[in-house]
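# Structural features, examined
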Amino acid sequence: MSTLARPSWWQQRFERWLKRRIPAARSVTLDQRRIFIFPSRAGLFFLGALAVMLIAAINYQSNMAFALVFFLFGLFVIAILHTYGNLSGLCIEALRGYPTFAGEMAEFELQLRRTRERGYHAIELGWPGEPSARLSLLDAQVATVKLFHRSRRRGWLRPGRLLVQTVYPLGLLRAWTWIDLDIAALVYPRPLLGPRPLSEGGTAEHGTRALKKGSDDFYGFRAYRSGDNLRHVLWRAYAKGQPLQSKQFAETQVQSHWLSYDACAGDREHRLGVLCHWVLELERKGEVFGLHLPGATLALDSGGEQRERALRMLALFQSARGL
Amino acid sequence: MATPAWIPRHCLGWLLAAQVALIAPHVSRLPLWISFAWAISALWRVQVYRGHWSFPGKLVKVALVCASLAGIRFNYGTFVGLEPTVALLITCFVFKLLEAATRREAYLLLFLGYFVALTEFLFEQGLGVVLYMIVPVLLLTAALIALHQDEPLRFSWQPLRIAGVMSAQAVPLLLLLFLVFPRIAPLWQVPLPGGGARTGMSDEMGPGDIAQLSQSDALVFRAAFSGAVPAQRDLYWRGLVLDKFDGRVWRANDFNDMPLRQVHPSPPAATGAALEYEVFLEPTYRRWLYALQVPEAVSPATLLTLDYRLLAKEPVTDKFAYRARAYPQSMFELELDPRLRRSELTVAGANNNPRAQAWAQGLRERFANDRALIDFVVAYFREQQFFYTLQPPLLGEHSIDEFLFDTRRGFCEHYASSFVFVLRAAGIPARVVAGYQGGEINPLTGTVLVHQFDAHAWAEAWLEGQGWVRFDPTFAVAPQRIESGLERAVGANEFLAQQPLSVNRFRDVNWLNRIRLRVDAINYGWTRWVVNYRDDTQTFVLRELLGEVDPLRMGMLLVGGGALIIFAVACALFGRRLFGVRLAAEQRYYARFCARLARRGYPRPVAMAPGEYARWVLRQQPQWRVVEEITACFEALSYRRLSAAQREQLLRKLKRLARSREFA
């Protein structure tokens, strides 16, 4: 849909009309204002077959053959209502989009809820050009569906209009709608290998801090927290059935790193990629790091949350598609 | 979009069932090997379905297709024609199911299936067949639905149930279209069904042929008279005029099939009172029709021949209805064409039945008057020891001689044949007429039912100043046959002796007879109003409905009726939600409550749970205690299991509280 570089005049008109008719929302309940319906390819083929059958009925002057053709045509007409009914009243809610690295598939979670007794069969959801998901909502009131969208650039990924369609029950008609879900996923820069971009004098400043978690001297256990270095997990205890525990090490000489945008070489995206790589690398080693970007600074810290903060900064740095 | 393109397993089950139901009625018309091929490929497909065997390879498929093409060619000698086409269609259907794996192939297969269902109606349109065909069509539709459903964990009737519901909703549209759709004339000539070996009147008659025919209790036609039904003895349904004789077999003369108007542009008008009737003929695969004397063609698809018979313009391959008029008192062909006169007088060869010829010449010398001679011959049949029987002795080379002077036991064809032979030998133009005589009146419908056992042969002789006059020598021998039918004439032992279970043999069993007549009345209605719904009938019904038949009214009926049907179905499907999504009552009340709070400056943030929202509002407006109560009410209605009474009570409370003035 948005793959064309410059949408033509009528595409813009259509886009505007669609926006008015189906505005962006967190949650969309499908009704007759939003649902479009047209014969599917199989349906057009079916109509062609009906035409041939009608000619046979005329040429053989067989009233029962006429009746069969009329019955099948009636079935086709009735299927319009049933196919429409298989979308109408379906409520689609945007749950969340998970962060990803540029170039990978971003994962989105949507929730389908029914607002009526009857179930829904074989609903297909997907963004154009992306893999689609197919699910039914029969016994459950609510179903969660995971959708994926390719991410190309860092920043916020807004996947655009989501195609929701169904051909159930006969496959002869396709009912569909384009909904603009208010959903987004954060795309981090793609990690790039490069020299460590350390700013000068970075290590001395906080070097005298008291005991800091590190990797030199063991000083105790604590319950495992997500983001702890897996090499420090006490696997022996876990194998005995105890909860996951991490070893804690005391560190007298704190290794703290300042990653700096200015210390990188190359263009902006390349620098951000290298920074991203080092954020991941330092966090994996459990080290303390901070981040200097032009106009923004992230204070020293370590662990998973620090990583998220840093990656978010990198993702949104001077991003045209930022918040 | 990438959808799972494979046929779901349960859909295959429905497809296999549909195939069985579809092909079953065709089996009797198909060569035996197709049924075998079907059984084997169905077994193969089931084994593939169960994961035991694999799909046939490309080579096997090509071999199968070639073999079946050759088989059809061998069986029918051609690919053109209805039967070979249907055979081809069914083989395609059978082999396509064997290889079908993707959804696209399933569509093709199902549409092919609908087409196979249609071809059944090109052969048969009886009520029984039509009722039966509901089964395969429903199964096909169930397969189509199953194709789009997720695989259920256990077998489910659901696809069939949905197919049933949708079909029921489609039926009113079918009726409307059936009523209104104009029955256009065929667009081009199509090969008609051949009919195969059927019992019925043939265009040649040897000794014993009609006796054989009268062993069948099949219906030939029904006739509905617009006035009173004439007496049984006057119901001579002329079908064929047989005037060529080779000493044993009588044959029709093709020359007689010429339309009368082609030879005589203005034939003399018939005189006397007219009988109006309509005939509903079962398929005969022949062109000749049955009509009372002297006929006049009324329906445009019929014509009057040179020898005053009715002929259909096309072979009757389907139930066929025609109107006709008869002038019983009228005379016809007062002037005999000299060429015709020669042929009617022909007695093949002098060494043919010499005793009968000599006898006839003797009569000629005794009687100068033709009429007197004929009367004498009729009296001869009546007074000598002739017997009317369905089981006459076999006759040799001079069949007429043997019958007239030795055996004297015969069925109507023996009497008609020898009568005509004697007249011809005496120089009187005469011919055999084959058709049906009499019929049974169904008191429920007032129609005359004519069965194969009413088959009869009689004679016509040409007399100066009177034209062709009917003579029935059988009447002289067995008047009951003519006055009350074959059963009375031959007795219960001989009647339908080869069909011991025929319902027609049990006419004396009162309740059985009532059922038989009731079934016949239903079939008559079906044929009269449904199978033959076209031309006059259509115009009549539409005029009853609309008052006047014009394109505007027809269009209005179609559009208005269609819209009404679709609207009714939509109402049934969506109920009150037709005009937008209708929320449950508690959600509506709660939404109203949220909207009021929003107006007061506390809009509910998206995705904030009701409980949280209430706490958030109360933190800022602690005096609005009712917010808590409303929320508790709403949550109870939404999430707790309640009895109907409790629910009703809570709903009323919520409605009242949501209107509360406390925070307004």
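Residues numbered from 1 in each chain as written. Chains lettered and ligands numbered in written order. Predicted model: local features only at pLDDT ≥ 70, side-chain atom pairs only at ≥ 80, totals over all residues. Heavy atoms only, no water.

## Concerning the overall build of chain A
The test is simple: A helix here means a DSSP run of H or I that spans at least four residues, while a strand means a run of E at least two residues long, and both kinds are numbered starting from the N terminus. Each residue is assigned to one of three classes by its accessible area relative to the maximum for its type, calculated with a 1.4 Å probe on protein chains only: buried under 20%, partly exposed between the two thresholds, exposed over 50%. Residue burial considers only the protein chains on display, and all accessible areas are found by Shrake-Rupley using a 1.4 Å probe.
Scanning chain A from N- to C-terminus turns up six helices and 17 strands. Counting the 323 residues in chain A, one finds 52% classified as buried. As displayed, chain A offers around 15,700 Å² of accessible surface, 54% of which is attributable to carbon and sulfur atoms.

## Details of the nonpolar core
To keep it simple, the criterion reads: Here the nonpolar core consists of buried residues drawn from Ala, Val, Leu, Ile, Met, Phe, Trp, Tyr and Cys, with membership extended through side-chain atoms lying within 4.5 Å. Only heavy atoms matter for contacts: two residues are in contact if any of them lie within 4.5 Å across the pair.
One finds A:Ile92, A:Leu110, A:Leu125 and B:Tyr114 to be the most contacted residues of the largest nonpolar core, which totals 132 residues. Considering every element that reaches this core, the biggest residue donor is helix 3 (residues 63-85) of chain A, with 16 residues. Those residues in contact with A:Ile92 that sit more than four places away from it in its chain are A:Arg26, A:Ser27, A:Val28, A:Leu30, A:Leu110, A:Gln111, A:Leu112, A:Leu125, A:Val164, A:Ile179 and A:Leu181. Of all hydrophobic cores here, the second largest spans 94 residues; its members include B:Trp359, B:Phe411, B:Ala430 and B:Val450.

## Things to note about the interface of chain B and chain A
Keep this limit in mind: The term buried area denotes the loss of accessible surface (1.4 Å probe radius) that occurs when two parts are joined, taken as the sum for both partners. Salt bridge, as applied in this entry: a Lys or Arg side-chain nitrogen positioned within 4 Å of an Asp or Glu carboxyl oxygen. A 3.5 Å cut-off defines polar contacts: any pair of N or O atoms within that distance qualifies, except that in protein one atom must be a possible hydrogen donor and the other a possible acceptor, and neighbouring residues in sequence count only when both atoms are side-chain atoms.
The interface of chain B with chain A comprises 64 residues on the first partner and 59 residues on the second. For the chain B and chain A pair, buried surface summed over both sides reaches about 5,500 Å², with 73% attributable to carbon and sulfur atoms. The shortest N-O distance in the salt bridge between B:Asp150 and A:Arg134 comes to 3.6 Å. Connecting chain B to chain A are 17 residue pairs in polar contact (both at pLDDT 80 or more). Of all the secondary structure elements, the ones that give two or more residues to the side of chain B that touches chain A are helix 5 (103-123), helix 6 (127-146), helix 7 (158-180), helix 18 (510-531) and helix 20 (551-574) of chain B. Of the residues forming the side of chain B that touches chain A, the biggest block, 11 residues, is contributed by helix 5 of chain B.

## Considering the environment of B:His456
Residue and element names in this part refer to chain B. Tracing the sequence through the fold places histidine 456 in strand 15 (residues 455-463). Histidine 456 sits in the buried class, given a relative accessible area of 0%. When the C-alpha atoms of histidine 456 and glutamate 402 are compared, they prove to be 21 Å apart, with 54 residues separating the residues in sequence. The contacts of histidine 456, once residues within four sequence positions are left out, are Ile210, Tyr236, Cys412, Val433, Ala434, Gly435, Tyr436, Gln437, Asp472, Thr474, Arg481 and Ile482.

## So, unusual backbone geometry
A cis geometry characterises the amide bond from A:Tyr168 onward to A:Pro169, with omega recorded as 5°. Inspection of the secondary structure assignment puts A:Pro169 in the loop between strand 10 (162-166) and strand 11 (173-179). Cis geometry is found at the peptide bond from B:Gln293 to B:Val294, where omega equals -15°. On the secondary structure map, B:Val294 appears in the loop between strand 5 (275-281) and strand 6 (295-297). Even without a glycine there, the phi angle at A:Ala122 is positive, about 45°. With respect to the helices and strands, the residue A:Ala122 is situated in strand 6 (residues 120-126). Residue classification places A:Ala122 among the buried positions, given a relative accessible area of 6%. If you check the backbone angles, B:Arg408 has positive phi at about 55° while not being a glycine. Looking at the secondary structure, you find B:Arg408 in the loop between helix 13 (399-407) and strand 11 (409-410).

## Overview of the state of the cysteines
Residue and element names in this part refer to chain B. Our working definition: When two cysteine sulfur atoms are found within 2.5 Å, that pair is recorded as a disulfide.
What the rule picks out here adds up to zero disulfides over all chains. There is no disulfide at cysteine 92, and the cysteine sulfur nearest it, in cysteine 66, is 13 Å away. Here cysteine 633 is not disulfide-linked; the sulfur of cysteine 594 is the nearest cysteine sulfur, at 14 Å.

## Considering helix 19 (residues 535-546) of chain B
Residues and elements named next belong to chain B. To keep things clear, this is the line we draw: Given the number of residues in a helix, its expected span is that number minus one, multiplied by 1.5 Å. In this description, one arc is meant: the one made by directions from the helix axis to the C-beta atoms.
Here helix 19 spans 16 Å end to end across 12 residues, near enough to the 16 Å set by a 1.5 Å rise per residue. Among the residues of helix 19, those classed as buried are Thr537, Gln538, Val541, Leu542 and Leu546. Angular distribution of buried residues about the axis of helix 19 spans 140°; they occupy a single face of the element. Of the residues flanking the end of helix 19, it is glycine 547, one or two places downstream, whose phi is positive at about 85°.

## Topic: the packing of aromatic side chains
Put simply, the test is: Ring geometry is summarised as follows: Phe, Tyr and Trp rings, the Trp one being its six-membered ring, pair when their centres sit within 6.5 Å, and such pairs are stacked at plane angles under 30 degrees, edge-to-face over 60 and tilted between the two. Two limits define a charge over a ring: the Lys NZ or Arg CZ must be within 6 Å of the ring centre, and within 35 degrees of the ring normal.
If you walk through the whole model with that rule in mind, you get 52 aromatic pairs over all chains. Note on B:Trp44 and B:Trp53: the rings are 6.3 Å apart at their centroids and 75° apart in plane angle, and the pair reads as edge-to-face. A ring pair is formed by B:Phe280 and B:Tyr524, whose centres lie 5.5 Å apart and whose planes are at 85°; its orientation type is edge-to-face. Highlighted residues: B:Phe280 in strand 5 and B:Tyr524 in helix 18, separated in sequence by 244 residues. Grouping residues by exposure puts B:Phe280 and B:Tyr524 together as buried. By the ring-pair criterion, three or more aromatic residues cluster together here, those being B:Trp359, B:Tyr380, B:Phe381, B:Phe386, B:Phe403, B:Phe405, B:Tyr415, B:Phe419 and B:Phe471. Between the NZ or CZ atom of B:Arg183 and the centre of the ring of A:Phe66, over which it lies, the distance is 4.9 Å.

## Digging into the pattern of salt bridges
The final tally for this structure, using the stated rule, is 38 salt bridges over all chains. Shared partners join several salt bridges into a network, and the residues in it are A:Arg96, A:Glu107, A:Glu109 and A:Lys146.

## Here we look at helix 18 of chain B
Taking 1.5 Å as the rise per residue, helix 18 of chain B with 22 residues should run 32 Å; its terminal C-alpha atoms sit 30 Å apart, in good agreement. Among the residues making up helix 18 of chain B, those that are buried are B:Asn513, B:Arg516, B:Leu517, B:Asp520, B:Ala521, B:Tyr524, B:Trp526, B:Thr527, B:Arg528 and B:Val531.

## Points about the side chain of A:Glu130
All names here are of chain A. Considering the arrangement of structural elements, one finds glutamate 130 in the loop between strand 6 and strand 7 (133-137). Relative accessible area serves as the criterion here: at 10%, glutamate 130 is assigned to the buried category. Engagement of the side chain of glutamate 130 in a polar contact is seen with the backbone nitrogen of arginine 150, the distance being 3.0 Å. With sequence-adjacent residues up to four places away left out, glutamate 130 is seen in contact with Met105, Phe148, His149 and Arg150.

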